[in-house]
Every structure is written in structure tokens, then in C-alpha cells.
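Coordinate inspection notes
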Amino acid sequence: MRRALYASAGIHGAILLWAVVGGSLLSDREEPEFEVTGVTLISPQEFEAMFDVPSPAPAVVDQPAQPTPQQETEAPDRPEDEEAPPQVTPPEPVTPPPQENQPDVAALMPPPETEVQDDMAALPSLPAEDPDAAPSDTPAPSEAPRVAPTPAPAPPPDVDTAPEVSPRPEPSEAEAPEPEAPPTAPEEASTEIVTEAETPAASLAPTSSFRPPARPVRSVAEAPEPDPAPEVADRDPLEDAIDAAVAEAVTDAPDPAPAAPAGPPLSTAQVEGLRFAVRECWNVGSLSSEALRTTVTVSVNLGRDGRPENGSIRMIGFEGGSEAAALRAFDAARRAVIRCGVSGYDLPDESYEHWRELEITFNPEQMRLR
Amino acid sequence: MIPFKTIIHALLLTFGALFAPPAAAQDSPGPLRIEITEGVIEPLPFALPRFIAGSGSADDAAADITRVIAADLTGTGLFRELPRDAHISSVTSFDSPVQWQDWQAINAQALITGSVTMEGGQLVVRFRLFDVFSEEPLGSGMQFVGPPDSWRRMAHRVADNVYQRITGESGYFDSRVAFVTLEGPKNARLRRLSIMDYDGANLQNLTDSRSLVLAPRFSPDGDSILYTSYETGIPRVYIMDLASVRARPLEDDALTMTFSPRFSPDGRSVIFSAERGGNTDIYVLNLQTGERRRLTDAPSIETAPSFSPDGSQIVFESDRSGTQQLYIMPAGGGEARRISRNDGRYGTPVWSPRGDMIAFTNQQDGRFHIGVMRIDGSEERLLTSSFLDEGPTWAPNGRVIMFTRETAGADGAPAIYSVDISGRNLQRVSTPGMASDPAWSPLLR
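So, here is what we can say about the structure in this document. (Residues numbered from 1 in each chain as written. Chains lettered and ligands numbered in written order. Predicted model: local features only at pLDDT ≥ 70, side-chain atom pairs only at ≥ 80, totals over all residues. Heavy atoms only, no water.)

**Some details on the overall build of chain B**
Just so we agree on the cut-off: Note on conventions: DSSP H or I runs of at least 4 residues are helices, E runs of at least 2 residues are strands, and numbering of each starts at the N terminus. Exposure classes here rest on a 1.4 Å probe applied to the protein chains alone. A residue is buried below 20% of its type maximum, exposed above 50%, and partly exposed in between. Any two residues whose heavy atoms approach within 4.5 Å at even a single point are treated as in contact. Note that accessible areas follow from Shrake-Rupley with a 1.4 Å probe, and for residues the cover is restricted to the protein chains shown.
From N to C terminus, chain B includes four helices and 32 strands. Within chain B, the proportion of its 445 residues that are buried is 58%. For chain B, the share of sequence-separated contacts (at least 6 apart) that also reach a separation of at least 24 residues comes to 43%. Total accessible area computed for chain B in this model is approximately 16800 Å², and 49% of it derives from carbon and sulfur atoms.

**Considering the overall build of chain A**
The helix and strand inventory of chain A stands at twelve helices and four strands. For chain A, buried positions account for 31% of its 370 residues. Counted over contacts in chain A with a minimum sequence separation of 6, partners at least 24 positions apart contribute 75%. With an accessible surface of roughly 22800 Å², chain A has 58% of that area assigned to carbon and sulfur atoms.

**Concerning helix α2 (residues 59–75) of chain B**
All names here are of chain B. For the record, the criterion: Working rule for helices: expected span equals 1.5 Å times residues minus one.
Relative to the 24 Å expected for 17 residues at 1.5 Å per residue, α2 spans 24 Å between its end C-alpha atoms, a close match to the ideal helical length. Tucked inside the fold, the buried residues of α2 contact β2 (44–47), β3 (52–53), β4 (79–81), β5 (110–119), β6 (122–131) and α4 (151–167). Positive backbone phi, approximately 80°, marks Gly77, located one or two places after α2.

**Quick word on the packing of aromatic side chains**
All names here are of chain B. As a reminder of what qualifies: In summary, the pairing rule links any two rings of Phe, Tyr or Trp, Trp by its six-membered ring, whose centres are within 6.5 Å, and it sorts them by plane angle into stacked for under 30 degrees, edge-to-face for over 60 and tilted for everything else. In this scheme, Lys NZ or Arg CZ marks a charge over a ring once it lies within 6 Å of the ring centre and within 35 degrees of the ring normal.
Tallying each qualifying case throughout the model produces 17 aromatic pairs over all chains. On the basis of an interplanar angle of 50° and a centroid distance of 5.7 Å, the ring pair of Phe173 and Tyr198 is categorised as tilted. With a gap of 25 residues between them, Phe173 in the loop between α4 and β9 (176–183) and Tyr198 in the loop between β10 (190–197) and β11 (204–205) connect regions that are remote in the sequence. Note on accessibility: Phe173 and Tyr198 belong to one class, buried. With a centroid separation of 6.2 Å and 20° between ring planes, the pair formed by Phe272 and Tyr283 is classed as stacked. Of the two residues, Phe272 sits in strand β17 (residues 269–276) while Tyr283 sits in strand β18 (residues 279–286), which places them eleven residues apart along the sequence. According to the relative accessible area criterion, Tyr283 is buried, its value standing at 5%. Three or more aromatic residues link up through ring pairs in this structure, and these residues are Phe46, Phe79, Tyr163, Tyr172, Phe173, Tyr198 and Trp440. Taking NZ or CZ as reference, Arg320 lies 5.0 Å from the ring centre of Tyr327, over its face.

**Observations concerning the nonpolar core**
Selection criterion: By convention a nonpolar core is built from buried Ala, Val, Leu, Ile, Met, Phe, Trp, Tyr and Cys residues, the set being connected through side-chain atoms within 4.5 Å.
Counting 46 residues, the largest nonpolar core has Leu274(A), Trp282(A), Ile360(A), Phe362(A), Leu32(B) and Trp103(B) as the members making the most contacts within it. The set of elements that each furnish at least two residues to this core consists of α9 (268–279), β2 (295–301), α10 (323–340), α11 (352–355) and β4 (357–362) of chain A together with β1 (32–36) and α3 (100–105) of chain B. In terms of residues, this core owes the most to one element, α10(A), which gives nine residues. If you look at the next biggest cluster of nonpolar residues, it comprises 45 residues, including Ile69(B), Ile112(B), Val116(B) and Leu129(B).

**Considerations on the state of the cysteines**
A covalent bond between the sulfur atoms of two cysteines is referred to as a disulfide. Residue and element names in this part refer to chain A. Applicable threshold: Disulfides are defined as pairs of cysteine sulfur atoms found within 2.5 Å of each other.
Here the structure, examined in full by the defined rule, presents one disulfide over all chains. Through a disulfide, Cys281 is tied to Cys340; the S-S separation comes to 1.7 Å. Taking the torsion about the sulfur-sulfur bond, which here is approximately 80°, the covalent link between Cys281 and Cys340 counts as right-handed. Within this pair, whereas Cys281 is found in the loop between α9 and β2, its partner Cys340 is found in helix α10, the two being separated by 59 residues in sequence. The buried category is assigned to Cys281, whose relative accessible area is 8%.

**Overview of the side chain of Ser224(B)**
Looking at the secondary structure, you find Ser224(B) in strand β13 (residues 224–229). Sequence-distant contacts of Ser224(B), that is, excluding residues within four places in its chain, are made with Arg217(B), Phe218(B), Ser219(B), Met240(B), Asp241(B), Leu242(B) and Phe263(B).

**Description of the sheet that holds strand β26 (residues 367–374) of chain B**
Residue and element names in this part refer to chain B. Stated precisely, the cut-off is as follows: The rule for pairing is simple: two strands pair if DSSP sees at least two bridges between them.
Strand order in the open sheet formed by four strands is β24-β25-β26-β27, and the pairing between neighbours is antiparallel. Edge positions in the open sheet fall to β24 (345–351) and β27 (381–382), since each of these has one partner strand only. Of the pairings in the sheet, the one linking strand β25 (residues 357–364) to β26 comprises eight bridges and is antiparallel in character. Bridged to Phe360 within β26 is Gly371.

**Some points on the pairing of β2(B)**
Walk down a regular strand and you will see the side chains alternate between the two sheet faces. All names here are of chain B. Burial along β2 is two-sided: Leu44 and Phe46 and Pro45 and Ala47, pointing in opposite directions, are all buried. Bridge count for β2 against β4 is three bridges, and the pairing is parallel. Each bridged residue has a counterpart across the sheet, and for Leu44 the counterpart in β4 is Phe79. Where β2 lies against β5, two bridges are found, and the strand directions are parallel. Within β5, the position partnered with Ala47 by the bridge is Leu111.

**Observations concerning α10(A)**
Over its 18 residues, α10(A) extends 25 Å from the first C-alpha to the last, a length consistent with the 26 Å expected when each residue adds 1.5 Å. The buried count for α10(A) comes to 14 of 18 residues, which makes it a mostly enclosed element.

See below:
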């Protein structure tokens, strides 16, 4: 009781404290920068004298305000806007320009033209530094498999070849002498447990334990050699029903996915760490505005040391911009992946199968608004 | 005040995150999938060893070209050159293999190698670009051949190619800027029309300082410019052929004030403002036929028109609503829709070469800003703020904007600045003295 009271008091106190000072602390309202400018009051005559525009004639006072073209064309609401437009009067005498104020040239020579050769075919290509590396003159990314390189195990044939839908087993029918599949599941489970206890930690993960076993279908009953396990007959009908229900539920799950990778999955913190590591090198400062509107998804394979395999980096999709913009956005993404992975990303080795293949979506929307 | 429900929700989320069991991030087989939504925005570090000189006569050119390439790239704010004394490898031959580890060790993400030779009286510049961490070339090698005095252009073109291959958008280094140079005190300024490379090199004055000149605008082919001159005492639009540096009035009507001109994207017509009977409207002039057509017919002031890149629409400023705002109308005239919706007054709209943005001058609360918005008025961003910022002009690739910034006070002087459309990399453009009214040319041919 007291603990609840203390907890309640603590939380309320925190709320009140936050309400009082949190607002000002959390406020990210930035005051605009002010630039202090000295202001000098001047008379209209002084102001007119600042600009060498012909003086307005007083006769046009009753006309609607017209632009002074010198200023109207350059800025709105300059102080000159309030003046009447300049009249057709001779210009004020201008001081004869000094000799150096003459035009520089009688004829402006156009910039010399240059001849451009784009192909540079005559130049030899740079030799590859690493003789083992792939030829560098093939910049096109290699075609990496879109799916996991390890083929998914084929589903049990009895599942695929079931000729017709089997009736749902009823507990009351458990007494029937027909053989049932559930024995398969307990046997496998038992086998897994024994294996786990005797094998090193690397194989602790349930690799295929969720694979649905044979369903208690008629096909099993029609098997040429019905070999009911003797212990099945002694099973509790309720237990059988539960097993059947579990088997059915597992069977209904999407099955064609490959087996789950070995090792524990990455925690949220580990994924966040990876995300943080990549974003530190994702520099969009030199991208065009169109590339900044382009989201690219990049695929990369990582080695066990956490280093990206440069040759595996490829763009598997983009949206929001043209292909040219996507290529530039991909360049920036590729640089980010390589640069920050040069020492290897900090990822747990036991979960390697989970992060061996990486797909990173680089979405610059928030960067564009900065 | 933070709502109580929000506090409770935040607490629940916090406790949930603290005490929830660690969830398996990858329960299903297959690749580990993650999404990155945040990165860094930093200049891309590149290494640029001095280009190899094929002969002693090319030695100076090799050094100069290398220097200009580095300046072009670092000037964008998108790239950062690694100092040469940090290089581990030295490139002794244009065809020598790249020591990837040496460049990776200094975190060079791009490597530019090149050579400069004199062949048959022509300067030959070759270069290659490499992605250091991918250990692959970025595009094929390229070479430029031209007269020796074109070394600066060739350097700009190398930089343009590097820029394009890394960023994905065309460069803007091989371009020029027309502008107005100013001399003298504030109450007696002398103005001349001038032209220079985008980086301030090769400055040449096109007019004398006897007449007040304003607002040059390049033709789409870059061969001529429009500008406004007070040569006759009133503002009139002139057109100058840059090859001959000869100018003529756009129209023969010497009694009509015309100003704020721009070429159409095909270069066959000019759109401008003209004042008649106390009213300012927008007109279009066919340069072949001399036909002049009025596009707006309102008692308000319509000015500063700018074509869309496809020539189908025109953005302009008007005070028809009581304050200066931006409007878009069909190129042939007709109903205009207002696109500026936020506070302040808007003017000098300029359509981006890409066609997706409009740059403008905004004034509010006594300060001027250069900003950009989508052509429907959305995503408006003010990029600069000062005592007086005005007159934006787009780089050929639509990535950078130049404009005039004038400082306050009796000693205030105008200068040309540039800024990336992200609002970063604000910097002053190199000019020998006071300068204003920049107009960025298209890429040179």
C-alpha cells in the first residue's frame, strides 16, 4: 500500500515538476537572430539627394502614385515608391566622366570555346590495385540473389500432396483405431530437446521446430502401413485434441518462408545502434534538391566482422525522383555504408545469420526540411 | 501550457519504453531491414592533387586550373577541399593507379586527378573523378582542348562536371554575370554596365558612366542583354549585342517610360513594363515584327514580369490588392492569380530555370528579404534578411541566387551576394568595388 502511495506521490511530483519547468526546457523554439541596425532620420531632401534620380515635378501630385522605375524594378516599397514618377525632363547635368570610365572594349570577345571529348578512349584505364578484386571497369553491380542463398527446405510431402481437406479431429473420435499424426510432433520435440542439451550453444535456436508436422489427415490413414505408436493409444483425448489444434494452427500459418536464421535475433537496441552508426556517415550535404526528394533502398551483405562487402552493395529500389537523382542518392548511401562500416559494424556474432544480409532504406524527407 | 493529456501520454510512452521487454527487431527470416531518416549535412570532402603538367610550359596553367577548380567547388558550400599537406599519396602520373587506402585514410570521399599539356599550341586538360570509398571512378574521364587563354573556362568546365557527377544537377561555374558597377559618393553615384565571370574574374565595363543604367538581363543564348537606361532623361529599355557592345533602344517611342525588361525563353520577344497616361502595365514586344501587345489592363501598377521557363506563364508584381504582391497569369494575358500570401510586400519575382520555384524580394517589419516559394505560393522560405536585399537572379542550374545587398547609413554601399536556395552559404561575390543589379547568364556554349 505504502509503495503504491510513494509511487503515486513520486509520479505526481515528477509531473508537476515537468509541467512547471519542462515546458521551457523542452521548448525548441528558436528566437530569430536579430541584426541591430542603426537608423538615421533624414529629411526628404537629403533622401532624394542620395539617389541620382531626376527630381519629380510638383505638377503630378494629383496623379495616382506611379513607380519610379529605377526602384520599382528592383525592390518593392522602396522609399522612392512614394514619390511621383520622374517626368520627361532633361536629366540633371552629370559630371563629365573621367577617362577611365569609358567602356573597356569596343567589342567584347566571346569566351574562347573549348573542345570536349567525353569518352577519353585514348587514355588507358587505371590498373586494379588488388589483383584478386573484380575488374573495376564493370561498374554495374553484380546481380545478387534477391532471396536467401540457402534454399528453403521443402515442405513435408504429406502436406503438399494431401488430396483433400481432412476433417477436423474431434476429441470424441480419439478412440478410433485410425492412426494419427500427432505422435510425430512429440517425437520431434523430444528429439530437439535432447539435441539442444547435447550440442553447443550455436545450435540452441529452434531451427525448424515450428515447421508443422504431418496433419492428421486421411492420407496418413490411407498409408500402406499404418503403424500406430503404442503410446498413442494411451494418450489422453484432451491432449490429443490440443496437439491437433496446435498442429492445425501452425499449419495455417504462412509456410513458404524459409527457416528462421540461427542465433538469437537482434534486440531493438542493437538495431538502433546499427541505424545510428550508418546515419553518422550519411552525408546529404552535396545532393541535389531532386536527389533529396528520392528515397533509395540499398542492399548490402556484411561479413562476420561486420564489414560491408563493397561489391554486394546495390540499389534495389527508389521512389520520389528520377533515375539520375536516385543514382546520386545511392552514391551517398553507398558511401555511408562503406565509410562507417570500414571497421565493421558492432553486431553480435551469434546473430550473424540475422544481419548477414542488410536492406537499408535511406529516406531524406526530414533532411530536406532542414 | 502543455495539456495534461499530453503529459500523461508522454509518461506512458516513457514508462512503456523503459519497462517493456526488449522486442526482437528481426523476427522473420530474410534481410535485416532498417530505415535511416536522419543523416548529416556537411560539405563533401574531396582531394584535388595539383594537376600534372605535361611540360614546363603548362606548369603555370596546371597550377591555375587546379586552383580555380578548387575555388569553384568549395565556393558552393557543398564541398570541402582537403589540404594538400594532408595527402598521403602523391599523384605523379595521370594514369597511375589510385592508392585507395591512402585517400580513405584522410577521409577523402572524392578524388579529382588531372593533367594539363600543350599539344599543337592548344591547351589540353584531362581529368578523372573517383569515389574513394567505393573505389570506383565516378563517370568516365574527360578532356578539354582550347587555346591557352581559355584555361579558366576549361577549369570551370571541369568543376561543372565534377559538380554534376556528385550532386546530380548541372553546374553553374562556366557562366557570366552582368551587373552595374558604381562609383562615387552616395549622392552622385556613377553607374556603368559591366560583365564578369561568375566568380568575379575577367571584369569588363560595357558602357560609360554618363547615363544611369539599371537592371541588365541576359538573353537565353547569352549573346545580348536588355537593360534600362536614363540616357534620354527617362527610363527606356535598351538591347545590347555583347559581341559588338552596341546598344539600341528597344522601341522608337522616346516619350514612354519603359523598364523592367526580360526576354522570353525562346528569345523572340521581350516583356517589360511601360507607363502610359499615368498607369503602368505589362507589355510584350515581338522582336521580329516589332508588334507590341498589352497584357494587363488594370488601374494598378503591374511590373517586374518574368516568364516561366516553358514560356506559358508570367509572374509579376502588382498592387491591385492594395499592397505589392505576386501574381501569375497566362503568357498571353488574362486572369491572374495571386500566389503570395504571407506578411509583407513582395516584388521582383523571377522564375527559376528549373520552373519549380520563384525567387522574390520581400519587405516586412522594415527589413528586406530574398525568398523563394513554389509556383503555387507554397513552401515559402525567406533566405536572407538585411537592411536592403533585393533583385534576385538565378544561377543557370536554379540552385543559387545572386542579389544586391546594400548596407545602411550614409556610407552604405551596395554589393552582390549569393546564397544557396537552402539558405546556406551566404557569401559576397568578388567585385572590384560597389556593385548591384546582378543578372546571371545561362551556361556558356
